[in-house]
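# An overview of the molecular structure
Okay, here's what each chain looks like letter by letter:
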Amino acid sequence: MPDQTALPAPATGPVPVAGAAAPVPPAPDVRGGGAPRRRGARRHRWPVVVPFFAFLAVCFGLPAGTMVYGAFTVLDPESGASRFSTENVSGSLSGAYATGLTGSVELSLFTALLATVIGTLIAQAVVTSPRPVLRGIVVSASGVLANFSGAPLAFAFIATLGTTGTVTQLFHLDRTGFSLYSFTGLVLAYLYFMVPLMVVTVLPALDGLRSQWQEAAASCGATRGQYWRHVGIPVLTPSLLGGAVLMFGTAFASHATAAVMVGSSQPLITIQIANALNGNVLVGQENLALAMSLNMVVIALLVMAVQIPLQRRSARWLG
Amino acid sequence: MARMKFTSRAVVLPLAALYFLVPIGASIWFSVNEVEGVSFDAYTQGLGTEGLTTSLMLSVRLGLATIVCGLLLMVPTLVAVALYLPGLRRTVEVLCMMPLVVPPIALVAGVTTVLSWEQDLADTPFYMTFQMLRDESFPLVLVLVYTVMSLPFLYRSLDAGLRAVDLRTLVEAARSLGASRLQTLWQVIVPNLRTAVVGGAVLSLAMVLGEYTVASVLSYRPFSVWMVEIKDSEAQLSVAAAMLSLLITWGLLLLLTTLAGGHGRRRRTPVDSGRDNREDRESRDDRKKTVS
């Protein structure tokens, strides 16, 4: 083991590519030797990334492609052949399914807005707090709670605010007309994992606001309000919008919480897709489910597209 | 603005604490509250029931398989892209983020359709593949779908880790010391990416343990699906299981912070093995090389 350091010279023998660059000290020569080496290496480095692309093609591309294909085809019951049609897509955009889509979008927009505002307020309270312990607690709690979604979260809320829930019985909430199995109930439950997620997302951006900027603004005679209006908020806008987009996406894709908590009583597209897939409503609705899934992907893509031009601007100041 | 500062400190945090603590407290109370006082039966007896152990074990096995599958795919790919194929970086990033655009329910809709081809392929060798994918005791199809769903976490975590180390120098040093490519990957790169690898793995595991949508649509019975199945017959047990799953998530993330905090040369030296020693010497060497 001790003479390992003495070995490099002979050991480089079988590895001429690395050896060629290593013993040459002047920088230009290393550069000159590096370029052809990399080009030569690229030829046989391709196989390394093949499994990744193959895996994605089979496990992601195939289902996604099937989704698009299925959304635009209908199976002829007599001949058994499938033909191109927009029936599924138009069916998925009308009647109860249209209500489900708008219901999902409304719920996601509303919760995303609330989560962005509340999450930022909490994060700002933590950043400005003089106690580092508080920050540690909030960050670790947010990490845990952001991952606490789906069925367990639904049970926690049913046990708390459901018809026989602890808080419902304690404060006789049923008499006030409050019901967990409503839009409000869903908002309350969704915020439970979205706000912590927003706190975790926005904390680095708030940390990136340098105190020097505030001091510079103050020494130029700006009030705190002016600082926020002209410096703080503009610098934060891309991060906040990015966070809001993430919140929307999370709420929009979320299925388990709503499925366990409210079942089909609230019109949500994720629940409708699951019902159509399970044949709960009608048999043979698989292609309709695929069309609804396609609608979801299109909406998610549109919302995500908002974020892309903003990323660069945010990276310039807070990267 | 001074007023906002006041509100955020004095109002926002207590309100948030109330909102986040009440459901947990109320759930624990719900699971122990009986007509004649407090009973911990849901925890002492219920958590030992057979359904819970089988479903939880299935979830854990699925989670571990997902981690192995995801890391085996992502680590070599991202290392190769960072070192030799910088032109592919953007493509790989976009592909890894795709699952964020396709929600799990949409993905599983596509997967169900693909799986329904089974009948058409009955006479081909693919039939066996489908049988294997849908094996009731260990559904590989879930591992594959979960791996796709974990790509965004893995990418973010590993990408951040790769940016933090001087990969090219590490590899050149290892290779010039005579390490093979696999040795370089396994003994030099992966130990340096430990925090990132553990971070991505823990997040994937937490995701798989709580996953309900995909498993329920494909009618398998991991932990969260079992929890929902018993909700009508044993409400207290399902709430107790929900608290258990919160505890598991918490434990996993605690493990992650501990491991991430323990990452660092100072910590590693006293407890090292021969391999760590060599690795340290190598990185010291390559630092010298960079200086010269």
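Keep in mind that this is a model prediction, so the values were computed, not measured.

## Side note on the overall build of chain A
Counting secondary structure elements, chain A contains 14 helices and two strands. Scored against the burial criterion, the 319 residues of chain A give a buried share of 41%. Pairs at least 24 residues apart make up 69% of the contacts formed inside chain A by residues separated by at least 6 positions.

## With respect to the interface of chain A and chain B
Tallying the contact residues gives 79 residues for chain A and 70 residues for chain B. Grouping the constituent residues of the side of chain A that touches chain B by class yields 51 nonpolar, 23 polar and five charged.

## Focus on the domain arrangement of chain A
How big an interface is tends to be expressed through the accessible area that disappears when the partners come together. Residues and elements named next belong to chain A. Segmentation of chain A into domains returns domain 1 (9-71) and domain 2 (90-318). Taken together, the four residues of domain 1 in the interface contact five residues of domain 2. By residue class, the composition of the side of domain 1 that touches domain 2 is three nonpolar, one polar and no charged.

## Notes on the nonpolar core
Counting residues in each nonpolar core, the largest one holds 162 residues, and the members touching the most others are Met194(A) and Val145(B). Element by element, the count of residues in this core is highest for helix 3 (residues 50-83) of chain B, at 15 residues. In contact with Met194(A), other than residues within four places in its own chain, are Thr111(A), Ala115(A), Met247(A), Thr250(A) and Ala251(A).

## Re unusual backbone geometry
Residues and elements named next belong to chain B. For Ser 219, which is not glycine, the phi dihedral falls at a positive 50°. Position of Ser 219 relative to the elements: it lies in the loop between helix 11 (213-217) and helix 12 (223-229). We classify Ser 219 as exposed; it has 11 C-beta atoms within 10 Å.

## Focus on the environment of Thr184(A)
With respect to the helices, strands and loops of the structure, Thr184(A) is situated in helix 9 (residues 183-208). For the pair formed by Thr184(A) and Leu107(A), sequence separation is 77 residues and the distance between their alpha carbons is 9.4 Å.

## So, the packing of helix 5 (residues 95-127) of chain A against helix 11 (residues 224-253) of chain A
Residues and elements named next belong to chain A. Here helix 5 crosses helix 11 at 135°, and the two axes come no closer than 8 Å. When the axis of helix 5 is compared with that of helix 11, the two are oblique. Handedness of the helix 5/helix 11 crossing: right-handed. On helix 11, the residues touching Ser 104, Leu 107, Ser 108, Leu 109, Thr 111, Ala 112, Ala 115, Thr 116 and Thr 120 of helix 5 are Leu 240, Gly 243, Ala 244, Met 247, Phe 248, Ala 251 and Phe 252. Here the residues of the contact of helix 5 with helix 11 are counted per class, giving ten nonpolar, six polar and no charged.

Calculation criteria
Residues numbered from 1 in each chain as written. Chains lettered and ligands numbered in written order. Predicted model: local features only at pLDDT ≥ 70, side-chain atom pairs only at ≥ 80, totals over all residues. Helix = DSSP H or I, 4+ residues; strand = E, 2+ residues; numbered from the N terminus. Buried ≥ 20, exposed ≤ 12 C-beta atoms within 10 Å, placed from the backbone. Contact = placed C-beta atoms within 7 Å. Nonpolar A, V, L, I, M, F, W, Y, C, P; charged D, E, K, R; others polar. Domains from an automatic or database assignment. Core = buried A, V, L, I, M, F, W, Y, C linked by C-beta atoms within 7 Å. Axes fitted to C-alpha atoms, helices over the stretch in contact; angles between N-to-C directions. Parallel < 35°, antiparallel > 145°, perpendicular 65-115°, else oblique. Left-handed = near helix turned anticlockwise from the far one by under 90°.

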